[in-house]
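Examining the three-dimensional arrangement
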Amino acid sequence: MPKVEEVFLEKIYYDKKNMNLIARWRNYETIFPILRTPYDTSPDQQEAWVKKILNDKICQYYYIFHNCQIAGYCGFDKIDGVNRTAEISMLIAPHKQKKGVGKKVTELLLDIAFNRLNINLVYAEVNGNSSNKEFWEKCGFKFDGELRSRKYINKIYYPTIIMSIMQHEWGNDESNGN
């Protein structure tokens, strides 16, 4: 795997330039089919989403920076403080994929979840028409189940796969794919 230089996260904030970039990346034909949103995203829609989540207590999102350049966004949705669960999510810019950025971002996010937010279980919902299952497995996530016909993309229903990692599993060699 190529050397991953500096990767860091910064709490998401309103920035028109970043909104435009992210909206464009979300609509790439290699990215769009694996997203939760079944339609193209305009810069105005991306901007509205960021403004909505800035004060939302059930989610926390961050910009991803790789070598001081914006490389996507990531975070948690459906944070449940009672059950101590959260759904993980990330979008890596097409030109930054397959460079180790996603793995590093996942490590940073899991550190936030388990050490700052005191989450017990972090889960991901993976579209069945993508190869993301292997990515999450390499990050220590385990297969939990499948939701049949969950996503409707290009007139076809696809299942989604639910994967998770628990606080006590994180950090050991087995959970990190080592």
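Below: a short report on this structure. (Residues numbered from 1 in each chain as written. Predicted model: local features only at pLDDT ≥ 70, side-chain atom pairs only at ≥ 80, totals over all residues. Heavy atoms only, no water.)

1. Some thoughts on the environment of Lys51
By the element assignment, Lys51 lies in helix 2 (residues 43–53). Under the relative-accessibility criterion, Lys51 is labelled partly exposed at 48%. For Lys51 and Tyr14, which are 37 residues apart along the polypeptide, the C-alpha to C-alpha distance reads 6.9 Å. (Helix = DSSP H or I, 4+ residues; strand = E, 2+ residues; numbered from the N terminus. Buried < 20%, exposed > 50% of the residue type's maximum accessible area, 1.4 Å probe, protein only.)

2. Observations concerning helix 3 (residues 101–116)
The end-to-end C-alpha distance of helix 3 is 22 Å, a good match for the 22 Å that 16 residues give at a rise of 1.5 Å each. Residues Val101, Gly102, Val105, Thr106, Leu109, Leu110, Ile112, Ala113 and Phe114 constitute the buried set of helix 3. (Expected span 1.5 Å × (residues − 1).)

3. Quick notes on the nonpolar core
Among the nonpolar cores identified, the biggest contains 29 residues, and Ile64, Phe76, Val105, Val122 and Phe141 are the most heavily contacted of them. Contributions of two or more residues to this core are made by strand 1 (7–11), strand 2 (60–66), strand 3 (69–80), strand 4 (85–92), helix 3, strand 5 (121–127) and strand 7 (156–166). If one sorts the elements of this core by residue count, helix 3 sits on top with seven residues. Setting aside its immediate chain neighbours within four residues, Val105 contacts Val7, Leu9, Ile64, Cys74, Met90 and Ile92. In this structure, Met19, Leu21, Ile53 and Cys59 belong to the second largest nonpolar core, which totals 15 residues. (Core = buried A, V, L, I, M, F, W, Y, C linked by side-chain atoms within 4.5 Å. Contact = heavy atoms within 4.5 Å.)

4. Observations regarding the side chain of Ser164
With respect to the secondary-structure elements, Ser164 resides in strand 7. Separated by 2.5 Å, the side chains of Ser164 and Asp144 make a polar contact. Setting aside residues up to four positions removed in sequence, Ser164 forms contacts with Leu121, Val122, Tyr123, Gly140, Phe141, Lys142, Asp144 and Glu169. (Polar contact = N/O pair within 3.5 Å; in protein donor to acceptor, adjacent residues only side chain to side chain.)

5. Thoughts on the packing of aromatic side chains
Aromatic rings in a pair are described by how distant their centres are and how their planes are angled relative to each other. Applying the stated criterion across every chain, the model contains seven aromatic pairs. Where Phe114 meets Trp170, the ring centres are 5.6 Å apart and the plane angle is 50°; that geometry is what we call tilted. With Phe114 in helix 3 and Trp170 in the segment after strand 7, this residue pair connects regions lying 56 residues apart in the sequence. Taking relative accessible area as the criterion, Phe114 reaches 2% and is therefore assigned buried. The class for Trp170 is partly exposed, based on a relative accessible area of 24%. With a centroid separation of 4.8 Å and 65° between ring planes, the pair formed by Trp136 and Phe141 is classed as edge-to-face. Note on Trp136: relative accessible area 7%, which makes it buried. (Phe/Tyr/Trp six-rings, centres within 6.5 Å; stacked < 30°, edge-to-face > 60°.)

All we've got here are geometric facts, nothing functional implied.
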